[in-house]
Amino acid sequence: MNRPDPTPPAPGPAPQSGPAGDGGPVLRVQGLSVRFRTGGGRYVEAVSGAEFSLAAGECLVLVGESGCGKSVLASALLGLLPGNAETAGSALLADGLDLLAADEDTLARTVRGRRVGLVPQSPAAHLTPVRTVRSHLEETVRALTGSRAPRRAAEAAAARAAFPATHLDHHPHQLSGGLAQRAATALALIGDAPLLLADEPTTGLDRDLVERTADELRAHTRAEGRALLMITHDLAAAERVADTVAVMYAGRIVELGPAEAFFGAPGPRHPYARGLLNALPERAFTPVPGSPPELGDLPPGCAFAPRCALADPLCRTVRPPLTEGVACHRA
Ligand SMILES: Nc1ncnc2c1ncn2[C@@H]1O[C@H](COP(=O)(O)OP(=O)(O)OP(=O)(O)O)[C@@H](O)[C@H]1O
């Protein structure tokens, strides 16, 4: 990753040994932007000025259509952006470490798995096909705890994620989608990270499994005092998990607020967010007209204006900032 102004990781206290925080946010994201250099001096503005924070025990769900920048934001937090990416802003953990400024060695040794646990998209693909679930778990226990006798800890990790002991010696291809998801969750929990990052954890699962996976992630967050940042385009899963919803459109967070008000009354405030909910089969089943803009060629004002029935000349010329939870001139 190429950063315009690299700074060393902020000195801070030793990494937390468990999910319990000191009352401050587990993660505070400020002005996080990611752009990709493409040919001919052009840039794709994948994430622009994201701002949010996450407390212990809180589930924040980031929703939005495909291509709006959700996964790029997650990759930025894990230091997994490709070489043509440039970042700005900060993403501070509770102990002061800035994930955007940390070098690869710090991220690999002290962040991934230890301070931030990743529940991946397509868990079956995340697991090595020739190794059993037990072998994955034992290797991760060894790597994160230094234990030389990891068998018991691996079995405990499986039990914690409700992965059945009877399937520990199975290979990934022998697992159902739900069990592969639990194996991946068990791996993510081993390091006792205070922050879990789940990128589309319910993709490819049938509705029952979506609900079960969502409930399990919520339980790991609430009951164990972690924070969960879940990325999804599945609004039903989002509703099941979220305390807070962030809606992303064309690289920007356009609405951020309590899930109860968003999914219940008074409902979303941004016209795009209202459109997303109205597109659901169980609601109006009316798609948002048009398609999102190219992130390399954003319009000057509100990026949603070309699709918005409420847009006026101000919307087409002045980009609305996120003010009191919504970025819309007409909200
Ligand atoms: N290396 C790269 N170079 C240029 N553009 C990139 C690169 N990686 C991602 N992008 C662009 O960044 C934008 C955001 O992609 P991202 O994968 O974050 O979307 P998303 O909201 O997660 O979508 P999905 O739900 O489909 O995963 C896309 O327009 C994508 O084409």
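All of these numbers come straight from a predicted model, not from anything done at the bench.

Turning our attention to the overall build of the chain. Scanning the chain for helices and strands turns up 11 helices and nine strands. For 331 residues, the compact-globule estimate of 2.2 N^0.38 gives 20 Å, and the chain sits close to it at 20 Å. The principal-axis extent of the C-alpha atoms belonging to the chain is close to 65 × 45 × 40 Å. Taking all 331 residues of the chain together, 50% fall into the buried category. Long-range pairs, those at least 24 residues apart, make up 66% of the contacts in the chain between residues at least 6 apart in sequence. A total accessible area of about 14,600 Å² is found for the chain, and carbon and sulfur atoms account for 53% of it. One finds the centroid of the 32 positive side-chain charges in the chain at a distance of 2 Å from the centroid of its 35 negative side-chain charges.

Attention now goes to the UniProt feature "domain: ABC transporter" (unreviewed entry) in the chain. Listed under "domain: ABC transporter" (unreviewed entry) in the UniProt record, and renumbered for this structure, are residues 27–275. Taken end to end, residues 27–275 is 36% helix and 27% strand, and its two terminal C-alpha atoms sit 29 Å from one another.

With that settled, the discussion passes to the site of the ligand. Near the ligand lie 14 residues; those nearest to it are Ser-66, Gly-67, Lys-70, Ser-71 and Val-72. For the ligand, an oxygen atom lies 2.7 Å from a polar atom in the backbone of Gly-67. Separating an oxygen atom of the ligand from a side-chain N or O atom of Ser-71 is a distance of 2.8 Å. Out of a free accessible area of 640 Å², the ligand has 66% covered by protein chains. With three residues, the single largest contributor to the shell around the ligand is helix H1 (residues 70–78). Residue classes in the shell around the ligand are distributed as six nonpolar, five polar and three charged.

Another point: the environment of Ala-157. Mapped onto the fold, Ala-157 is located in helix H5 (residues 151–160). Since its relative accessible area comes to 6%, Ala-157 is described here as buried. For the pair Ala-157 and Glu-260, spaced 103 residues apart in sequence, the C-alpha to C-alpha distance is 32 Å.

Cut-offs applied
Going along each chain's sequence as written, the residues are numbered from 1 onward. With the structure being a predicted model, the display of local features is reserved for residues of pLDDT at least 70 and the display and counting of side-chain atom pairs for 80 or more, all residues being used for whole-chain, interface and lining totals. Side-chain measures were taken over the full set of non-hydrogen atoms in the model, leaving aside hydrogen atoms and water. What counts as a helix is a DSSP run of H or I of at least four residues, what counts as a strand is a run of E of at least two, and both are numbered from the N terminus. Only C-alpha atoms enter the radius of gyration, while the globule expectation follows 2.2 Å times N to the 0.38, with N the number of residues. Each residue is assigned to one of three classes by its accessible area relative to the maximum for its type, calculated with a 1.4 Å probe on protein chains only: buried under 20%, partly exposed between the two thresholds, exposed over 50%. Any two residues whose heavy atoms approach within 4.5 Å at even a single point are treated as in contact. For the area figures, the Shrake-Rupley method with a 1.4 Å probe applies, and any residue is considered shielded solely by the protein chains shown. In this charge count, Lys and Arg are treated as positive and Asp and Glu as negative; neither His nor the chain ends contribute. Taken as the charge centre is NZ of Lys, CZ of Arg, CG of Asp or CD of Glu, depending on the residue. UniProt positions are given in the numbering used here, feature names are shortened, and annotations may be inferred rather than shown by experiment. Near is defined per residue: the residue qualifies when any heavy atom it owns lies within 4 Å of the molecule or strand. N or O atoms closer than or at 3.5 Å make up a polar contact, with two conditions inside protein: a donor-capable atom paired with an acceptor-capable one, and, for residues adjacent in sequence, both atoms drawn from side chains. Note on residue categories: nonpolar means Ala, Val, Leu, Ile, Met, Phe, Trp, Tyr, Cys or Pro, charged means Asp, Glu, Lys or Arg, and polar means any other residue, Gly included.

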